[in-house]
Each structure stands twice: as C-alpha cells, then as structure tokens.
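Tertiary structure, described
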Amino acid sequence: MWIFGYGSLIWNPSFSYQDRRLARLDNWVRRFWQGSTDHRGVPGYPGRVVTLISEPAGHCWGVAYKCGESGSQQVIEKLDYREKGGYHRESVTLNFIDGSTIEGLVYVAGPDNSDYLGPASEADIVTQILSAQGPSGSNREYLNNLANSLRDLGVTDRHVFSIESKVQSEINAE
Ligand code: SIN
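Description of the structure in this document. Predicted, not measured: the structure shown is a model, and the values here were computed from it. (Residues numbered from 1 in each chain as written. Predicted model: local features only at pLDDT ≥ 70, side-chain atom pairs only at ≥ 80, totals over all residues. Heavy atoms only, no water.)

1. Topic: the packing of helix H4 (residues 139-153) against helix H5 (residues 158-173)
At a minimum axis separation of 10 Å, H4 and H5 run at an interaxial angle of 130 degrees. As summarised for this structure, H4 and H5 are arranged oblique, according to the angle between their axes. Relative to H5, H4 is oriented so that their crossing is left-handed. Across the interface between the two elements, Arg140, Leu143, Leu146, Ala147, Asn148, Leu150 and Arg151 of H4 pack against Val160, Phe161, Ile163, Glu164, Val167 and Ile171 of H5. The residue makeup of the contact of H4 with H5, split by class, is 9 nonpolar, 1 polar and 3 charged. (Axes fitted to C-alpha atoms, helices over the stretch in contact; angles between N-to-C directions. Helix = DSSP H or I, 4+ residues; strand = E, 2+ residues; numbered from the N terminus. Parallel < 35°, antiparallel > 145°, perpendicular 65-115°, else oblique. Left-handed = near helix turned anticlockwise from the far one by under 90°. Contact = heavy atoms within 4.5 Å. Nonpolar A, V, L, I, M, F, W, Y, C, P; charged D, E, K, R; others polar.)

Below you can see the structure in the form of structure tokens.
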C-alpha cells in the first residue's frame, strides 16, 4: 500500500513505512483552502491548512510512503482519525521521477466538508495563518514546516512559497 502526503504527512507521517519517495500527483494542486479546527485552529477560529483542488493540467509534488501489507489497516485507521477534520480517502495514480507509476491513497478535503474555507486573497490567508493556533501548534509553524519540507525535496510550489514570503514580510514589519 502506498500513501501520498502533500501537507503535514510530508514532515510528520507518524507511521512506520518501508520506503519514502518523491512523487507527483497530476490534475490536482495544493491550496491553503481547508479550515483546521482540530490541529492548527479551534472551532470559531480555524487555521488554514492545505488540501488538493482538482485542476486539469495542474500537478502536486509530495511524498509517497510504502507501507507493509501487515500494518496497512492500522495505518489507515490512524490516518482516518488524524485527518477526520474534513478529509476523505481517494485512490489515485502516483508518478515517480523515473517515469513509473503506482496506485496509492491520498487524503483530500473537498468543498462539501463543513470546515472547508475555499479560496481567499493571499493577504487574507496570511492574516489568518498569523493568528491561528490549535492543539497541534501554530498555523505559522505548519506553513514553515511545509515550505521547508518542499525545499528539502527540491520542490517549488508558488502558492505555498508566496504565502510564506508574505507571512515573513508581515513579521519583519512588526
Ligand atoms: C497530507 O499531508 O497529505 C494531508 C493534509 C495535511 O494533513 O496537512
């Protein structure tokens, strides 16, 4: 079983795996459009975390984890609980840089979940990320971890890096 991580699962998978590989998911893009009331925000004051948005010709780089068959049910149960704030599992085809593909699972928070926030201006996303805090830590830490993890992978994501840079500008201006 392979699981694709494109958000917190990149830097904090919290399950054991047999292999970890850079992978690309086609026709989806990563966006800070999902509200978080259980990890990086609280009810009434949600943080903003990433989800995948369907976009033909778009793509999203992340990490594919290979889990052994014996422990895969436990991994799914653990992730179903962790991602319960609006995410559901989808089966997808993952692309590796050598051109090979594999079937995998990914957690997506669609527009029909009650925590979904949808698009907003970068300025509004920055303001929300700077103020939100939840049981897993600050929303700013989530953004920093994501941006640093993508750099470590050699991945460029203009949406994430632009928000990171605007957050940093706000902090520098304080
Ligand atoms: C993921 O990392 O793949 C899902 C979104 C998140 O938990 O940040």
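2. Structural notes on the pairing of strand S2 (residues 19-36)
Moving residue by residue along a regular strand, the side chains alternate between the two faces of the sheet. For S2 and strand S3 (residues 47-66), the ladder comprises 15 bridges, and the chain directions are antiparallel. Across the sheet, Arg20 pairs through a bridge with Tyr65, a residue of S3. Pairing analysis gives 2 bridges linking S2 to strand S4 (residues 87-96), with the strands arranged antiparallel. From the neighbouring strand, Arg24 faces S4, where its bridge partner is Asn95. (Pairing = 2+ DSSP bridges.)

3. Quick look at the state of the cysteines
Inspection of every chain in the model, using the stated rule, returns 0 disulfides. For the unlinked cysteine Cys60, the closest cysteine sulfur is that of Cys67, found at 18 Å. What makes Cys60 buried here is its relative accessible area of 1%. For Cys67, a relative accessible area of 3% translates into the label buried. (Disulfide = S-S within 2.5 Å. Buried < 20%, exposed > 50% of the residue type's maximum accessible area, 1.4 Å probe, protein only.)

4. Some remarks on the site of the ligand
Taken together, the neighbourhood of the ligand is formed by Phe4, Gly5, Tyr6, Gly7, Ser8, Leu9, Val50, Glu83, Tyr87 and Tyr142. Within the backbone of Tyr6, a nitrogen or oxygen atom sits 3.1 Å from an oxygen atom of the ligand. Its free accessible area being 250 Å², the ligand has 96% of it covered by the protein chains. Contributions of two or more residues to the shell around the ligand are made by strand S1 (2-5) and helix H1 (8-11). Of the residues contributing to the shell around the ligand, the split by class is 6 nonpolar, 3 polar and 1 charged. (Near = heavy atom within 4 Å. Polar contact = N/O pair within 3.5 Å; in protein donor to acceptor, adjacent residues only side chain to side chain. Areas by Shrake-Rupley, 256 points an atom, 1.4 Å probe, with all protein chains shown as cover.)

5. Regarding the packing of aromatic side chains
For the structure shown, the criterion picks out 7 aromatic pairs. For the pair Phe4 and Tyr6, a centre-to-centre distance of 6.4 Å together with 25 degrees between the ring planes defines the contact as stacked. With respect to burial, Phe4 and Tyr6 carry one shared label: buried. Here the aromatic rings of Trp11 and Tyr142 are separated by 5.3 Å at their centres, their planes lie at 80 degrees, and the arrangement is edge-to-face. With Trp11 in helix H1 and Tyr142 in helix H4, this pair connects stretches of sequence that are 131 residues apart. (Phe/Tyr/Trp six-rings, centres within 6.5 Å; stacked < 30°, edge-to-face > 60°.)

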